[in-house]
Amino acid sequence: KETLDQGLEKSREGFFEKISKAVVGKSTVDEEVLDNLEEVLIASDVGASTTIKIIERIEQRVARDKYVSTEELNRILREEITALLLENPHQNSGNIDQSKKPYVIMVVGVNGVGKTTTIGKLAHQFKKEGKSVVLGAADTFRAAAVDQLVIWSERVGVPIVKQSMGSDPASVAFDTVQSAQAQGADIAIIDTAGRLHNKVNLMNELSKIKRVMQKVLPDAPHEILLVLDGSTGQNAFEQARQFTAATEVSALAVTKLDGTAKGGVVIGISDQFQIPVKYIGVGEKMEDLQLFNGAEFVDSFFK
Ligand code: GDP
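Parameters and conventions
- Residue numbers restart at each chain and count upward from 1, following the sequence in its written direction.
- In keeping with the predicted nature of the model, local features appear solely for residues at pLDDT of at least 70, side-chain atom pairs appear and are counted solely at 80 or more, and the whole-chain, interface and lining totals rest on all residues.
- With hydrogens and water excluded, all non-hydrogen atoms of the structure serve as input to the side-chain values.
- UniProt positions are given in the numbering used here, feature names are shortened, and annotations may be inferred rather than shown by experiment.
- Any residue with at least one heavy atom within 4 Å of a molecule or strand is counted as near it.
- Side-chain atoms alone can form a polar contact between residues adjacent in sequence; in general such a contact is a pair of N or O atoms within 3.5 Å, and within protein one must be able to donate a hydrogen while the other accepts it.
- The protein chains shown are the only cover counted for residues, whose accessible areas, like all others here, come from Shrake-Rupley with a 1.4 Å probe.
- Both site types are read off a 1 Å grid over the protein atoms alone. A 1.4 Å probe that fits but cannot get out defines a cavity, while an open set with protein on both sides within 12 Å along at least five of seven lines defines a pocket; lining residues have an atom within 4 Å of a point.
- Pocket occupancy is defined atom-wise: a molecule lies in a cavity or pocket when more than half of its atoms are within 2 Å of its grid points.
- Numbering of helices and strands runs from the N terminus, with a helix taken as a DSSP run of H or I at least four residues long and a strand as a DSSP run of E at least two residues long.
- Should any heavy atoms of two residues lie within 4.5 Å, those residues are counted as being in contact.
- Pairs were defined over the aromatic rings of Phe, Tyr and Trp, the Trp ring being its six-membered one, requiring ring centres within 6.5 Å. Orientation was assigned from the angle between planes: stacked under 30 degrees, edge-to-face over 60, tilted for the rest.
- Note on exposure labels: buried denotes an accessible area under 20% of the residue type's maximum, exposed denotes more than 50%, and partly exposed covers the range between, all computed with a 1.4 Å probe on protein chains only.
- In predicted models, pLDDT denotes the confidence assigned by the predictor to each residue on a 0 to 100 scale.
- Grid points are joined across faces, edges and corners, and a volume is the space filled by probe spheres set on the points.
- Ten residues, namely Ala, Val, Leu, Ile, Met, Phe, Trp, Tyr, Cys and Pro, are considered nonpolar, four, namely Asp, Glu, Lys and Arg, are considered charged, and the remaining ones, Gly among them, are considered polar.
- Here, expected helix span is obtained from the residue count minus one, scaled by 1.5 Å.

- An unreviewed UniProt entry lists the protein under the name Signal recognition particle receptor FtsY, with Planobacterium oryzisoli given as the organism.
- Here the protein is described in UniProt, under the heading Subunit (unreviewed entry), as follows: "Part of the signal recognition particle protein translocation system, which is composed of SRP and FtsY."

Put into structure tokens, the structure is as follows:
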């Protein structure tokens, strides 16, 4: 909780200050206050359609031209945003399905968003919970990606499956699932290349990886985790659009929320895609990954 509060400091400061400004000197919630609020939400990267939704909900709650203090408006806003997050039907669906062994997580996302770091953090977290983890370096297009993942595997102390550069990602995925199964590991986490410049390529590549790993384990992957950089605002929305069109993304991880004042992106993405935000990244260290909890998040945001 402390890490979360710290991680969201920038978002919170910006947000609270701006909301206060939106209502300062106002004795009623009128058109202008609502317009100002709308601007604050847009500036926090909540996204246009979600912002409109939130404003409408506030309008419904606050009888027009009635006096509402900053505190009250804050409380209403907080309640409505929490409600919105909880409306994502799969939100807070918990951690991993332990009846699957190995539980296979395929991690997708564009380069630079924090994919490798998130995989390392996840491995650390699972290991701390007493689960055994195997990593798979199926981003065979970048030497640096494999190297980084090897460093994480050493840091965390979990085995990694890799092949030489340029080898077939699907073959690495196959080996990883097979190795995890042979070792009786609880979880396999597989990194993939996130090259977006060609949508058809991406789609084919991801479905091939899936198809090939299913030769070992027919119901794998059990989770397709899309990693998004929370500090990139509208780019994150765009990437979510592209990846959800290319494959069946089942969970999201939003990273780098500590470095941005635009943490509202989590609210918009959860609302627009109706895919659970499962993890949030709030720092570069091993411990700086959290299971997302909508109520706690909003709490931290408004503190
Ligand atoms: P990849 O190319 O997607 O695998 O990205 P990396 O995992 O290599 O991360 C890119 C950079 O973002 C690295 O410098 C990471 O330390 C940094 N990073 C990743 N997640 C977070 C986060 O939650 N907060 C902060 N501040 N930095 C992060």
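There is more to say after this.
## Remarks on the site of the ligand
Then, in step 1: Around the ligand there are 16 residues in total, and Gly 112, Thr 116, Thr 117, Asp 258 and Glu 284 lie nearest to it.
Then, in step 2: One nitrogen or oxygen atom from the side chain of Asp 258 is found 2.7 Å from a nitrogen atom belonging to the ligand.
Then, in step 3: Gly 281 is positioned such that a nitrogen or oxygen atom in its backbone is 3.4 Å from an oxygen atom of the ligand.
Then, in step 4: For the ligand, the accessible surface in isolation is 580 Å², of which the surrounding protein chains cover 77%.
Then, in step 5: The site holding the ligand turns out to be the largest pocket.
Then, in step 6: Looking at which element gives the most residues to the shell around the ligand, the answer is helix H6 (residues 115-128), with four residues.

## Looking at the environment of Val 23
Then, in step 1: Summarising the element assignment, Val 23 is placed in helix H2 (residues 9-23).
Then, in step 2: Here the alpha-carbon distance between Val 23 and Leu 34, two residues 11 residues apart in the chain, equals 9.0 Å.
Then, in step 3: When near neighbours in sequence (up to four residues on either side) are disregarded, Val 23 contacts Val 33, Thr 70 and Leu 73.

## Some words on the UniProt feature "domain: SRP54-type proteins GTP-binding" (unreviewed entry) in the protein
Then, in step 1: The feature "domain: SRP54-type proteins GTP-binding" (unreviewed entry), as annotated in UniProt, sits at residues 276-289 in this numbering.
Then, in step 2: For residues 276-289, the helix share is 0%, the strand share is 43%, and the end-to-end C-alpha distance is 16 Å.

## Description of the packing of aromatic side chains
Then, in step 1: The full count for this structure, using the stated rule, is one aromatic pair.
Then, in step 2: With 5.2 Å between their ring centres and 55° between their planes, Phe 292 and Phe 297 make a pair best called tilted. Pair check on accessibility: Phe 292 and Phe 297 agree, each one buried.

## Observations regarding the environment of Leu 84
Then, in step 1: Mapped onto the fold, Leu 84 is located in helix H5 (residues 70-86).
Then, in step 2: Here the alpha-carbon distance between Leu 84 and Gln 60, two residues 24 residues apart in the chain, equals 14 Å.
Then, in step 3: Leave out the neighbours within four places in its chain, and Leu 84 touches Thr 50, Lys 53, Ile 54, Arg 57, Ile 267 and Asp 271.

## Some remarks on the confidence of the model for the protein
Then, in step 1: Per-residue confidence for the protein averages 89 on the pLDDT scale, and 95% of its residues sit at or above 70.
Then, in step 2: Within the protein, no element has a lower average pLDDT than H2, which sits at 76, and none a higher one than strand E3 (residues 160-161), at 98.
Then, in step 3: Model confidence for the complex is summarised by a pTM of 0.93, with the ipTM given as 0.98.

## Side note on empty space enclosed by the protein
Then, in step 1: Tallying each qualifying case throughout the model produces two cavities of 30 Å³ or more.
Then, in step 2: Of the pockets and cavities examined, the second largest cavity occupies roughly 30 Å³.
Then, in step 3: Looking at the second largest cavity, the residues that line it are Leu 4, Ile 280, Gln 290, Leu 291, Phe 292, Asn 293, Glu 296 and Phe 297.
Then, in step 4: Where the lining of the second largest cavity is concerned, the elements lending two or more residues are strand E8 (289-291) and helix H12 (294-302).
Then, in step 5: Taken together, the residues of the lining of the second largest cavity break down into five nonpolar, two polar and one charged.

## Side note on helix H9 (residues 199-213)
Then, in step 1: The terminal C-alpha atoms of H9 lie 21 Å apart, and with 15 residues this matches the ideal 21 Å at 1.5 Å per residue to within 8%.
Then, in step 2: Within the span of H9, buried status applies to Leu 202, Glu 205, Leu 206, Ile 209, Lys 210, Val 212 and Met 213.
Then, in step 3: The inward-facing, buried residues of H9 contact strand E1 (103-108), helix H8 (169-183), strand E4 (187-192), strand E5 (223-229) and helix H10 (234-246).

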